[in-house]
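Coordinate inspection notes
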Amino acid sequence: MTTEFNELLPMPHGDKAQVWIVGSREQVTHLINEFYVKKIASDRVSFTPIVPAPFANGKYMSVLVR
């Protein structure tokens, strides 16, 4: 991963653990819902908004910050 991309992350990577979800928009939405139902994430607002992945054309991503 490049330094420029690391600077775009909403939080410094040393502060909290992160789970990155990368896939089609439907896959990302499904996994966000699954993480919430299985209580891996306490709330859906723990995830960043779904955005196009800058490192994979045609893919989307969201990050769970715990």
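Above this note sits the structure.
Residues numbered from 1 in each chain as written. Predicted model: local features only at pLDDT ≥ 70, side-chain atom pairs only at ≥ 80, totals over all residues. Heavy atoms only, no water.

One finds Ile-21, Val-28, Ile-32, Phe-35, Ala-41, Phe-47 and Leu-64 forming the largest nonpolar core, which totals seven residues. Counting residues per element, this core draws most heavily on helix α2 (residues 25–37), at three residues. Dropping the residues within four chain positions of it, Ile-21 is found in contact with Val-28, Leu-31, Ile-32, Phe-35, Phe-47, Tyr-60, Met-61 and Ser-62. (Core = buried A, V, L, I, M, F, W, Y, C linked by side-chain atoms within 4.5 Å. Buried < 20%, exposed > 50% of the residue type's maximum accessible area, 1.4 Å probe, protein only. Helix = DSSP H or I, 4+ residues; strand = E, 2+ residues; numbered from the N terminus. Contact = heavy atoms within 4.5 Å.)

Of note, Ser-24 is situated in the loop between β1 (18–23) and α2. By relative accessible area, Ser-24 is classed as partly exposed at 22%. Between the C-alpha atom of Ser-24 and that of Lys-59, which follows or precedes it by 35 residues, the distance is 5.2 Å. Leaving out residues up to four positions away in the same chain, Ser-24 has contacts with Lys-59 and Tyr-60.

For strand β3 (residues 60–65), the tally of buried residues reaches five of six residues, placing the bulk of the element in the interior. Two strands pair when backbone bridges link them, and β1 and β3 are joined in this way by six bridges, in the antiparallel orientation. Residue pairing for β3: Trp-20 is matched across the bridge by Val-63. Sheet topology note: the strand β2 (residues 51–52)/β3 ladder contains two bridges and is antiparallel. When the sheet's bridge partners are listed, Val-51 is paired in β3 with Met-61. (Pairing = 2+ DSSP bridges.)

Function cannot be read off these values alone, since they describe shape.
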